[in-house]
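# Chain and residue survey
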Amino acid sequence: MNSKKGKEIILPNEQVPHLLLIFALGVTLFYSLWWFDFSNVQSWTLYSLLFIGEIYHIWQAVGYMYTIRAPKKYTAEILPASFSPKVDLFITVCGEPVEIVEKTLTAAMTIDYQNYQVFLLNDGFVAKKENWQEIEELAKRYKAKVITRLTPGGAKAGNINNALRQTNAPFIAFFDADHIPKKDFLNKTLAYFQDHKMALVQTPQYYRNKDQNHLTSSAWEQQELFFGPICQGKNKDNATFWCGTNAVIKREALDAVGGLLENTVTEDFLVSLYLHQKGYKSIYVPEILSEGLAPQDLKSYVSQQYRWARGCLDLIFNHNPIFKKGLTGAQKIHYLYSSSYYLNGIIVAVNALIPIYVLMTGVSPIKENVNNFMVYFFPFIFTTIYILMKSTQFKITFNAIQMSISSTFVFIIAAVSTLLNIKTKFKVTSKMEESGNYLIYAIPHIAYILITIFAVTFAVTKQGITPSVATNASWSFFNIVFFFGFIRVAYPWQTLTVPLKSKINNLYAQTIDFIKTKKQTVYQINFLTGRHNQK
């Protein structure tokens, strides 16, 4: 989504007509029929891989339609004067720059609500951060309370659990160190807790630096899709989950599920699952009530995407909602749909490698009848894209999709780590831009480009330009376009072009000076020649 085109779609999105969704389901079913026609098979191994991938794509398409169907209309609740419970406001800190923490603390101290206390949850000491004492001094300067943990364990979840044991307000507001709350945050969120079953109120994660560079812009566009139609669609099924920051949770509910799990990197996601199991309610408020920072370089972006992928895949493999009692059928679908998104890395990699294999071996997964396949495929892909566009008020951009697909290899590493139960250390996303060479994260993408060039050259040399070669070469180059997202932000390419532009400008200036000098010389010769002739 491109916020430059108008207001962010965080606010209530445009509803997709039911007839269009029914039509799209019909088109999806029609497309699936082609894959179940096994007379198309030429190589069962390759076909099976593609078949699994297309079932996944169909699941994601149908899951999105299910999510956005008839979104619950958002009506802001008004906080009555008679309801003013005490709130503990937690700001989790783990080595973030003091100036960033100070901005968040300053805003938190001036929220338009009387009955609350601000706590800085300082994890800098146990994480061996150099500025942990500065955070304590910052808290004293602003007369906020600071809880500096002395015993390590559990990363962010451990930090929060430690603070929970030392506080007692019935409600807790959570903010990451860089997320600056607005004055009306508590007034806009606490009103929903008049419902005694309400356990969680989540608000969007807005990036105030979204226009800083291509990466921050793309990261925000991805967030806007999630916090736009997807989160809004979860409200009707009581399936909103905690996103770690910019949220308020009832302490009683948090105690009922045993606090935060400390053996996962996305404790918020699992806490939500257990809250819903206990029959508690949650709601998403689609108003920007705080502003944070997007990852500003590829290293930070990769760290963030890996952490999210690892946590969501951990839910599928180790806490699968299908087998959880207490969840409604709709809640199980929402949890599976959201978490299974990160399986996309494996699917994209398989779909990217099969054309290469076909080019190199000549073995095709299907019999050559491209025209027949397109009759089924085109209606499906165009309808799916149109629904995505319609639900986002036609603000979806290529950048968000490109960066998502470029993250393929990050998602694969996360999937393998989850399956092998490799322990992952929680890493706080850097809040400062670290310019430099991050091409190491784009090595798989660059390798794919080189392999594609070799495979196409090999196939053309050996087979000529056949329909099979042309089709698979096209798919390979199509994949390169999407993989180029990481390459684009992996290196400060402008540092290479600036000297070149400077040289071109200097050459141009020298050329102009030479021409001017030449003209002046010619003029002087003509002038002297004319005077000589007059004599």
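Structural data are supplied above this passage.
Residues numbered from 1 in each chain as written. Predicted model: local features only at pLDDT ≥ 70, side-chain atom pairs only at ≥ 80, totals over all residues. Heavy atoms only, no water.

### Points about the pattern of salt bridges
- All told, the structure shown has 10 salt bridges when counted by the stated rule.
- The closest approach of N and O atoms between Lys-188 and Asp-184, which form a salt bridge, is 3.2 Å.
- By relative accessible area, Lys-188 is classed as partly exposed at 23%.
- In this structure, Lys-210 engages Asp-211 in a salt bridge whose closest nitrogen and oxygen atoms are separated by 3.4 Å.
- Judged by relative accessible area, which is 48%, Asp-211 ranks as partly exposed.
- What emerges from the salt-bridge pattern is a single network uniting Asp-184, Lys-188 and Glu-287. (Salt bridge = Lys/Arg side-chain N within 4 Å of Asp/Glu carboxyl O. Buried < 20%, exposed > 50% of the residue type's maximum accessible area, 1.4 Å probe, protein only.)

### Notes on the sheet that holds strand β4 (residues 171-176)
- Sheet architecture is open: seven strands sit in the order β3-β2-β1-β4-β8-β6-β9, paired in mixed fashion. Strands at the two margins of the open sheet, each flanked by one partner only, are β3 (145-148) and β9 (281-284). Across the sheet, the axes of successive neighbouring strands diverge by a mean angle of 20 degrees, strand direction being ignored.
- Pairing of strand β1 (residues 87-93) with strand β2 (residues 116-122), which is carried by seven bridges, proceeds in the parallel orientation. Within β2, the residue paired with Val-93 across the bridge is Asn-122.
- Contacts from helix α3 (residues 98-109) reach β1, β2 and β4 within the one sheet, and its direction differs from that of β2 by about 165 degrees. (Pairing = 2+ DSSP bridges. Helix = DSSP H or I, 4+ residues; strand = E, 2+ residues; numbered from the N terminus. Axes fitted to C-alpha atoms, helices over the stretch in contact; angles between N-to-C directions. Contact = heavy atoms within 4.5 Å.)

### Focus: the packing of aromatic side chains
- Going through the model one piece at a time under the given rule, you end up with 47 aromatic pairs.
- Where Phe-38 meets Tyr-47, the ring centres are 6.2 Å apart and the plane angle is 75 degrees; that geometry is what we call edge-to-face.
- Given a relative accessible area of 40%, Phe-38 falls into the partly exposed group.
- By relative accessible area, Tyr-47 is classed as buried at 1%.
- When the centroid spacing of 5.3 Å and the interplanar angle of 45 degrees are considered together, the rings of Phe-398 and Phe-482 count as tilted. One end of the pair, Phe-398, is in helix α14 (residues 398-406); the other, Phe-482, is in helix α17 (residues 467-489), with 84 residues separating them in the sequence. (Phe/Tyr/Trp six-rings, centres within 6.5 Å; stacked < 30°, edge-to-face > 60°.)

All we've got here are geometric facts, nothing functional implied.
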